[in-house]
Amino acid sequence: MASDESCSTQLIDGDGTFKAEELEHFIKEVKLGDCGLSYAVVSIMGPQSSGKSTLLNHLFSTNFREMDAFIGRSQTTKGIWLARCTGIEPCTLVMDLEGTDGRERGEDDTAFEKQSALFALAVSDIVLINMWCHDIGREQAANKPLLKTVFQVMMRLFSPRKTTLMFVIRDKTRTPLENLEPVLREDIQKIWDSVPKPEAHKETPLSEFFNVEVVALSSYEEKEEQFKEQVASLRQRFFHSITPGGLAGDRRGVVPASGFSFSSQQIWKVIKENKDLDLPAHKVMVATVRCEEIAHEKFAGFTGNEYWQHINEAVQSGLVSGFGKKLSSILNSSLSEYDAEATYFDEGVRSAKRNQLEEKLLQLVQPAFQTMLGHVRSGTLEKFKEAFDKALNGGEGFSLAARQCCWSYMALFDEGCADAVIELANWDTSKVRDKLQRDINSHVEYVRAAKLSELNALYEAKLNEALSGPVEALLDGANTETWPAIRKLLRHETESAISGLTSALAGFEMDEHVKEKTLGSLEDYARGVVEAKAKEEAGRVLIRMKDRFSTLFTHDSDSMPRVWTGKEDIRAITKTARSASLKLLSALAAIRLDGESDNIENTLSLALGDVKSAATSTDRSITAIDPLASSTWEQVPSSKTLITPVQCKSLWRQFKAETEYSVTQAISAQEANKRNNNWLPPPWAIVALLVLGFNEFMTLLRNPLWLGVIFVSFLLVKALWVQLDITGEFRNGALPGLISLSSKFLPTVMNIIKSLAEAGQTPATNNPQTNPALPSRSFRNGVSTSETSSDASSGVTTFSENGTVNSTPSKED
């Protein structure tokens, strides 16, 4: 009967009788007929005494009968009870199913469990599956067989409808929900995959029939407050559950509320009359439970096996010899023990559980197997690298060494794989082998690229050394034969380098196209060296021009420094030096590696070299076009141009301005030398001296003593001039010269007087030829110099026996 206070009723009693009258009364009580399609049905299933009724009462504010833990654990809910949720919109009906696996119904009588579960799935929009946290991963406690049977029959009996399966994990432990949820989802998917399906649903995915949700709740007895908070949070999800995105938002085939009673009766009738929900044979169930226990024991024994643990630890750090045989022995031993203990159970169940045990054991050892393969691969790769390097260092051809080493060490890897393979497993090692092959090929390509790069660098360095210095020297002395000489040098050195590189590449077995490309790159590099050096020299062309001009202008044909005595033709020398500099400019104006002819030298000669011709041309036509008023040369591409005509004109103007000073200095030196050689005064001065100085001249003739005094004074002044080096002192300026002479004047005078005194005290001999004049000492800045030096720099003054003063003129006199 329905309770007025709780709005609940028993829908199906414990004997499987559908109570249609109670349902009709309940529908009228809750006014379900007025809801149309705006209602939802929620049911809960799970083991007996798992707290289903308690959860519903807290979740939906119902008052289903709960188990009294102080009396004992026994069956509380019998059959299926129906109630309306309080305070939840839209109208939501909840069904509390009799718990599964109860002792009251007995070991074999589980037909009602399957019938009620199938009814719940067929009628409900949301099915709560109540389960304890520690039952996750178990077969019976997690309702896996029940769900498997229900899924199979439901697809055959009813058209698909979208039902939400919400697994409610009770008494949650420390294990995070994100670790529990994948296990449940995987189990449901496995159940679905294993269920035989009708032809119409062969390819139907699980998501076509079910939405799977997972929630976890704390223990009601130990953490009541936390449990209530979590239930209150879960309750919010049932509000507006049929709206899009809600828990039942994508349901299909909804029965109007007015037909709910009739529809439920028909569904229960179909389920009760269906024979596919009968229990399996008792022996099958016993075999299932016992074989699973034996398999679990053997799996636990394998995981605790010290030999396996030792192998697993050893393989983490390196290769394990005989890995496959050792593991195969342990695996076969565990499976043989299982066969011995399960031999008397049902063959189908025994084989299925043995296959499951074998699969679990292989999954356990597979990571160690993969690690072992990794060690084999990495060890083989390292050995290959060592052998390959050794073969190359031994002078073996690159391609031949690569083929032989690759073949040899791939065979070595295959031997290692054969040693690691486990007999029971049919694991494919081709992926690891392919990876090793790729690693070996990658290393070979890396070494190949490195060797080729090394060879290119070697021959490029040789070309750079063979070309840079000689090209620079040729361009330094550039003339009309410079570029032919450079082309000859480039051709010779390039042919030599290409010949050497061709021999070195023979062992690489390169494709002809690639080989030609490599040799062409080397040839281009050689040209690049010459062109770079030419550009570098072109950047210094002004310095080179000034150096060449200076060399030719200041040195004669014997490379001796010129002394401008007044006989040299400065104009001709200047023209020759400038002409040579102009040749240098024309040689560096363009790159001529291909032997094409051009008129750069003629253009520069006409425009810059012949001044008279240029002047005549200007007089002839003032409006004539300047051949250098251009940025390109005729017959010379811009890529080969180093100095444009405009730049040549600018450089020549700067060159002339900077060398003009040297020419001016030479002209000044030549004129000064001429003036020094003309020591006599002009004729008119001589005539004036004779006319004006006639009286003084006659006085000197009448008194010869004055001639002696003047002569001696001249000698003394001459000696002072030479000893003081007046010309040299004034070379650095007037003021420094006066200061220096003032400091040396007195010591020099004393030195001369002393020398005269010593010469007067020396006895003279009768043979003037054997009585040489006493060498005089000279002092510069108060320091005595050698006698020979004094004789060479000035006249030597001595006294003869008759008392006259003898003077030997200096070299300058």
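On a predicted model such as this, the values are computed, not experimentally measured, just so you know.

Before going further, it helps to examine the sheet that holds strand β5 (residues 126–132). Pairing within the open sheet is mixed, and its seven strands lie in the order β1-β3-β4-β2-β5-β6-β7. Edge positions in the open sheet fall to β1 (8–12) and β7 (210–216), since each of these has one partner strand only. The average angle at which neighbouring strand axes cross in this sheet is 25 degrees, direction not considered. Bridging between strand β2 (residues 39–45) and β5 involves four bridges; their strand directions are parallel.

What follows deals with the UniProt feature "binding site: GTP" (unreviewed entry) in the protein chain. Under the UniProt annotation, the feature "binding site: GTP" (unreviewed entry) is placed at Gly46, Pro47, Gln48, Ser49, Ser50, Gly51, Lys52 and Ser53. Here Ser49 shows up in the loop between β2 and α2 (52–60). Taking the relative accessible area as the measure of exposure, Ser49 reaches 15% and is therefore buried.

To continue, consider the packing of helix α12 (residues 398–420) against helix α13 (residues 430–476). For any two helices packed against each other, one specifies the inter-axial angle together with the distance between the axes. Look at α12 against α13: their axes get within 11 Å of each other, and the N-to-C directions meet at 160 degrees. What the angle tells us is that α12 and α13 run roughly antiparallel. As for how α12 packs across α13, the hand of that crossing is right-handed. Of α13, the residues touching α12 (which contributes Phe398, Ser399, Ala402, Cys406, Met410, Phe413 and Asp414) are Val432, Arg433, Leu436, Gln437, Ile440, Val444, Val447, Arg448 and Lys451. Looking at side-chain class alone, the contact of α12 with α13 contains 10 nonpolar, two polar and four charged residues.

Moving on, we come to the pairing of strand β6 (residues 163–170). Of all eight residues in β6, eight are buried, a share of seventy percent or more. Inspection of the sheet shows β5 paired to β6 by seven bridges, in the parallel sense. Counterpart to Val127 in the pairing with β6 is Leu165. In the sheet, β6 pairs with β7 via seven bridges, with the strands oriented parallel. Of the residues in β7, the one forming a bridge with Phe167 is Val214.

Reading guide: rules and limits
Residues numbered from 1 in each chain as written. Predicted model: local features only at pLDDT ≥ 70, side-chain atom pairs only at ≥ 80, totals over all residues. Heavy atoms only, no water. Pairing = 2+ DSSP bridges. Helix = DSSP H or I, 4+ residues; strand = E, 2+ residues; numbered from the N terminus. Axes fitted to C-alpha atoms, helices over the stretch in contact; angles between N-to-C directions. UniProt positions renumbered as here; feature names shortened; annotations may be inferred. Buried < 20%, exposed > 50% of the residue type's maximum accessible area, 1.4 Å probe, protein only. Parallel < 35°, antiparallel > 145°, perpendicular 65-115°, else oblique. Left-handed = near helix turned anticlockwise from the far one by under 90°. Contact = heavy atoms within 4.5 Å. Nonpolar A, V, L, I, M, F, W, Y, C, P; charged D, E, K, R; others polar.

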